[in-house]
Amino acid sequence: MEDIRMSTGERRRLEILSRVKDQMVTLKKATDLLGLSYRHTRRIYKRYREQGDKGLIHKSRGRPSSHRIEEKARDTIIKLYREKYWDFGPTLASEHLESSDNYALNHETLRGWLIKEGLWQKKRRRKKHRSWRERKEHIGELVQMDGSHHDWFEGRAKQAVLMVMVDDASSRTFARFFDGETTRAAMETFQTYAEYYGLPQALYVDRDSIYRCEREPTVEEQLKQIGPLTQFGRAMNTLGVKIIPAYSPQAKGRVERANGTFQDRLIKEMRLQGIKTMKKANRFLEEVFLPKYNEKFNVFPKKKEDLHRRIPEDIVLAEVLCFEESRQVQNDWTVRWRNQFFQLTKRNEALGLVKQRVTVREKLNGMIQLVYKGHILAYEKLQERPKKISLKVKPVTRNRTAWKPAPDHPWRTCWSRSYPQPLLDSDELVIAHSRRVAADV
């Protein structure tokens, strides 16, 4: 007796067609129950009467698929994966196999091969439940910003940070490499993004000291009714961009997931390209990686209107995204900034700047501007600190030690001119002098 294995659908067909055979159900009724056409139902019923239960089994069972990949090609693909893509995920590896090695392969097929070969394992992670936040409806309504610290060059270059900006509505991504996550890096990233797309309505950032200030407000800030601002916060306040702090990494999940994708895909792409410098990495990002990345992962926003604002004509980004502090003009018309001295020229004489406070503005390119009530002041950079001129007369120091006349001093010999005497030694002179004094008394 032969064992026959049937699927659930095949067993259901057997049950219904056996009732048709026993004349308990009409063939038309069986057509409705099976959800097939009357013609196809007659065809399988005829096969069932001729071959029995075996006639209901699908004819392609046990036969190799006509779309199968040959064993030789499979072995070649597995070998390529071991040599070039050993740490790639199945999806990324299948993309490179098609673009670089001309092997078109579904990523799920590759995943099954890798699991069978022991080169990949299923990853199941149980995470804490969180409610999903709806995307913003418009592009430019909210942009998430973060710095990703990672060994991006795998030891081929020094450590770097990838500054990433992701639009919340469309997932459109912009990124650049820097030496560290600093205020300068955040400003340069935002400036380049604004020149490409415009000014967003709001930025969603973490609670790093670059973006928020913990100190108490000064009296001047309290009078202006503004809180303490960082340099980046001041620039965003000038540009009218609202800063929204996130209270957990999960809150800004889009940019965090983008960081994870970059740490997987970008690292391997740069490895294949042999990139060893930050300059080449930024060029590769701009010209190759980001266009492909955005084309693959961007989504359509709910509404078409773009809420990015144009940069106002009266605002120069380089003069806003900079470092600004207030300094006082000294009596010699100099201003000190980071141990450098700037001499205001005579052209500013009419402004009466002595003891006035001016704004020192250091741009991202290192250029210095001195500004007073909207006027850019002319100055000369001094090579060294000006020397102070003192008008006080230096006091004369007097010798306080006791003064003793020399042996040949006139004071010692003045008496000899009044009383001529033969030359005597010192003891005799003392005795003679004592006698004369006694005689005079």
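Anything mentioned here points back to the structure above.
Residues take numbers from 1 onward in each chain, read along the sequence in its written order. It should be noted that, the model being predicted, local features are given only for residues of pLDDT at least 70 and side-chain atom pairs only at 80 or more, the latter also being counted only at that level, while totals for whole chains, interfaces and linings use all residues. Only heavy atoms go into the side-chain values, all of them from the structure, while hydrogens and water stay out.

Draft legend 1. Geometry of the environment of Asp151. Residue position: Asp151 is located in the loop between strand E1 (143–150) and strand E2 (160–167). Each residue gets one of three labels from its accessible area relative to the maximum for its type: buried under 20%, exposed over 50%, partly exposed in between, using a 1.4 Å probe on protein chains only. Assessed through its relative accessible area of 33%, Asp151 is described here as partly exposed. Each C-alpha atom of the pair Asp151 and Gln263 lies 8.7 Å from the other, and the pair is 112 residues apart in sequence. Throughout, a residue-residue contact means that at least one pair of heavy atoms, one from each residue, lies within 4.5 Å. Setting aside chain neighbours within four positions, we find Asp151 in contact with Gln159 and Ile267. Numbering of helices and strands runs from the N terminus; a helix is a DSSP stretch of H or I covering at least four residues, while a strand is a stretch of E covering at least two.

Draft legend 2. Quick peek at helix H11 (residues 278–297). Expected helix span is given by 1.5 Å per residue-to-residue step, counting one fewer step than there are residues. Here H11 spans only 25 Å end to end across 20 residues, well under the 28 Å set by a 1.5 Å rise per residue. One axis is fitted to the seven residues ending at the residue and one to the seven starting there. The bend at that residue is the angle between these axes. Remark: the principal bend of H11, roughly 50°, maps to Leu285. Along H11, the residues that are buried comprise Met278, Ala281, Asn282, Phe284, Leu285, Phe289, Leu290, Tyr293 and Asn294. Packing partners of the buried residues in H11 comprise E2, strand E3 (173–178) and helix H10 (253–273).

Draft legend 3. Expanded view of the packing of aromatic side chains. For Phe, Tyr and Trp, where Trp contributes only its six-membered ring, two rings pair if their centres lie within 6.5 Å, and the inter-plane angle classes them as stacked under 30 degrees, edge-to-face over 60, or tilted in between. Here the structure, examined in full by the defined rule, presents 15 aromatic pairs. For the pair Tyr293 and Phe297, a centre-to-centre distance of 4.8 Å together with 45° between the ring planes defines the contact as tilted. Of this pair, Tyr293 and Phe297 both sit in helix H11, four residues apart, roughly one helical turn. Through a chain of ring-to-ring contacts, three or more aromatic side chains come together here, namely Phe262, Phe284, Phe289, Tyr293 and Phe297. The criterion for a charge sitting over a ring is simple: Lys NZ or Arg CZ within 6 Å of the ring centre, and within 35 degrees of the ring normal. The ring of Tyr197 carries Arg172 above its face, with NZ or CZ at 3.9 Å from the centroid. Above the face of the Phe297 ring, Lys296 is positioned so that its terminal group lies 5.9 Å from the ring centre.

Draft legend 4. Layout of the sheet that holds strand E12 (residues 379–382). Sheet architecture is open: three strands sit in the order E7-E8-E12, paired in antiparallel fashion. The open sheet terminates on both sides in strands that have one partner only, identified here as strand E7 (334–337) and E12. Each strand axis lies, on average, 30° off the axis of its neighbour in the sheet, ignoring direction. As paired strands, strand E8 (residues 340–344) and E12 are joined by four bridges and run antiparallel to one another. The residue bridging Gln343 from the neighbouring strand is Glu380, located in E12. Two strands qualify as a pair provided that DSSP identifies no fewer than 2 bridges between them. Axis definition: a line fit to C-alpha positions, over the contact stretch in the case of helices; interaxial angles, taken between N-to-C directions, run 0 to 180 degrees.

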